[in-house]
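Read off the chains here:
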Amino acid sequence: MAAAPEEFPTDPAAAREVQEGLRQRVRLEPYHGPVERVAGVDAAFLGDQVVAVVVVLRFPELTVEEEAVAVRPVPFPYVPGLLSFREGPAVLEVFRAVANPPDLILFDGQGIAHPRRLGIAAHLGVLLDRPAIGVAKSRLTGTFDEGALGAEKGARVPLTEAGEVLGAVVRSRTNVRPLFVSPGHRCDADSAVDWTLACCTRYRLPEPTRLADRRAGEHKRERRSHG
DNA sequence: GCGACAG
DNA sequence: ATCTTGTCGC
């Protein structure tokens, strides 16, 4: 069954209203697991199509247990702050193909570190009703003390806005650009950072998100050459 | 009015 | 996000 149209409007103004309503369903609380499965989600674009990928890993082994792909037409333009309306429908569809529900989900984007506190990880975390974390490669909103952020892996400094803690800027690897981690749903800033770091090995991106990103690229490549 | 702006 | 090879540096 397709998502109800009112949940994913085609109009930016209506989309912002949906966010204002859903933000009230976000639950910020410590999350201590236990985690047996961690999923990574990512989306890629090919022409007018969205390629959504979810990779489920075993934790703490971080070995791939299953993956799924969904392709759908792009439903919304890219508008800063409304990313989930562009990738959300495809992501929800790909999750319907996942056999074992993951205990935790890592998204490529913001959690509550968003203008209306409903980045893609918060939005989809609520709809999927699962602990979710936003792991973004760059900042959308919020400020942080750049000088206070150490260069060593594990270093972190709070990302705030008007005194509110939105998440943290985290060094996932020594001497690499930091990640912007924020809770999406059913976790808080500290646990979000801890779980994210627990999924980081030798790369800047945590394994779940990194593998989903790689898989999305592979599917695009083969889909581009064939039919 | 002038920037900033996840992917 | 996407168009794209080799190359510099830890």
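Residues numbered from 1 in each chain as written. Chains lettered and ligands numbered in written order. Predicted model: local features only at pLDDT ≥ 70, side-chain atom pairs only at ≥ 80, totals over all residues. Heavy atoms only, no water.

Scanning chain A for helices and strands turns up five helices and eight strands. Mapped in sequence order, the helices and strands of chain A form the string α-β-β-β-α-β-α-β-β-β-β-α-α. Along the three orthogonal principal directions, the C-alpha set of chain A runs to about 50 × 40 × 30 Å. For chain A, the residues scored as buried account for 53% of the 227 residues in total. In chain A, the share of contacts with a sequence separation of at least 24, taken over all contacts with a separation of at least 6, comes to 63%. Just so you have it, chain A exposes about 10400 Å², and 49% of that area is on carbon and sulfur atoms. (Helix = DSSP H or I, 4+ residues; strand = E, 2+ residues; numbered from the N terminus. Buried < 20%, exposed > 50% of the residue type's maximum accessible area, 1.4 Å probe, protein only. Contact = heavy atoms within 4.5 Å. Areas by Shrake-Rupley, 256 points an atom, 1.4 Å probe, with all protein chains shown as cover.)

Near DNA strand B, the surroundings consist of 17 residues, among which Tyr 78, Gly 81, Lys 137, Ser 138 and Arg 139 are the closest. Looking at DNA strand B alone, sugar and phosphate atoms form 52% of those within 4 Å of the protein. One nitrogen or oxygen atom from the main chain of Gly 81 is found 3.1 Å from a base nitrogen belonging to DNA strand B. Between Leu 83 and DNA strand B, the recorded distance is 3.0 Å, taken from a backbone N or O atom to a base nitrogen. Here the residues of the surface near DNA strand B are counted per class, giving seven nonpolar, six polar and four charged. (Near = heavy atom within 4 Å. Polar contact = N/O pair within 3.5 Å; in protein donor to acceptor, adjacent residues only side chain to side chain. Nonpolar A, V, L, I, M, F, W, Y, C, P; charged D, E, K, R; others polar.)

Right, let's get into the UniProt feature "binding site: Mg(2+)" (unreviewed entry) in chain A. Under the present numbering, the feature "binding site: Mg(2+)" (unreviewed entry) in UniProt falls on Asp 42 and Asp 108. Separation in sequence by 67 residues is not matched in space for these annotated residues, since their most distant C-alpha atoms are only 5.8 Å apart. Those residues in contact with Asp 42 that sit more than four places away from it in its chain are Val 51, Ala 52, Val 53, Asp 108, Ala 212, Asp 213 and Ala 216. Residue placement: Asp 108 occurs in the loop between strand S4 (104-107) and helix H3 (120-128). Assessed through its relative accessible area of 14%, Asp 108 is described here as buried. Excluding anything up to four places from it in sequence, Asp 108 contacts Val 41, Asp 42, Leu 83, Ile 120, Val 135, Lys 137 and Thr 209. Among the polar contacts listed, one links the side chain of Asp 108 to the side chain of Lys 137, at a separation of 2.9 Å. (UniProt positions renumbered as here; feature names shortened; annotations may be inferred.)

Taken together, the neighbourhood of DNA strand C is formed by Ala 44, Phe 45, Lys 137, Lys 220 and Arg 224. Here a phosphate oxygen of DNA strand C sits 3.3 Å away from a polar atom, N or O, in the main chain of Phe 45. One of the side-chain N or O atoms of Lys 137 is found 3.2 Å from a phosphate oxygen in DNA strand C. Where the surface near DNA strand C is concerned, the elements lending two or more residues are strand S1 (37-46) and helix H5 (207-225).

Let's shift gears to the side chain of Arg 117. Relative to the helices and strands, Arg 117 resides in the loop between S4 and H3. Separated by 2.4 Å, the side chain of Arg 117 and the backbone oxygen of His 114 make a polar contact. Within the structure, the side chain of Arg 117 is placed 3.1 Å from the side chain of Glu 164, a separation counted as a polar contact. In this structure, Arg 117 is in contact with Arg 23, Gly 111, Ile 112, Ala 122, Glu 161, Glu 164 and Leu 166, ignoring residues within four places of it in sequence.

What follows deals with the nonpolar core. Grouped together as the largest cluster of nonpolar side chains are 34 residues, with contacts concentrated most on Val 54, Phe 95 and Phe 107. Among the elements that make up this core, the one with the highest residue count is helix H2 (residues 84-95) (six residues). If we ignore the near neighbours within four places in the chain, the residues touching Phe 107 are Val 41, Val 91, Ile 120, Ala 121, Leu 124, Leu 128, Ala 132, Ile 133, Gly 134, Val 135 and Thr 209. One finds Ile 133, Val 135, Val 193 and Ala 216 within the second-largest nonpolar core, a separate group that totals 28 residues. (Core = buried A, V, L, I, M, F, W, Y, C linked by side-chain atoms within 4.5 Å.)

All right, on to the sheet that holds strand S6 (residues 156-161) then. In a beta sheet, neighbouring strands pair by backbone hydrogen bonds and run either parallel or antiparallel. Spatially, eight strands are ordered S3-S2-S1-S4-S5-S8-S7-S6 in an open sheet, and the strand pairing comes out mixed. Each edge of the sheet is formed by a strand with only one pairing partner; in this case those strands are strand S3 (64-73) and S6. Pairs of neighbouring strands in the sheet enclose a mean axial angle of 25 degrees, with direction left out of account. When S1 meets strand S2 (residues 49-58), the two strands line up antiparallel, connected through ten bridges. Paired with Ala 44 across the two strands is Val 51, which belongs to S2. The strands touched by H3 are S4, strand S5 (132-136) and strand S8 (179-185); relative to S4, the strand with the most contacts, the crossing angle is about 150 degrees. (Pairing = 2+ DSSP bridges. Axes fitted to C-alpha atoms, helices over the stretch in contact; angles between N-to-C directions.)

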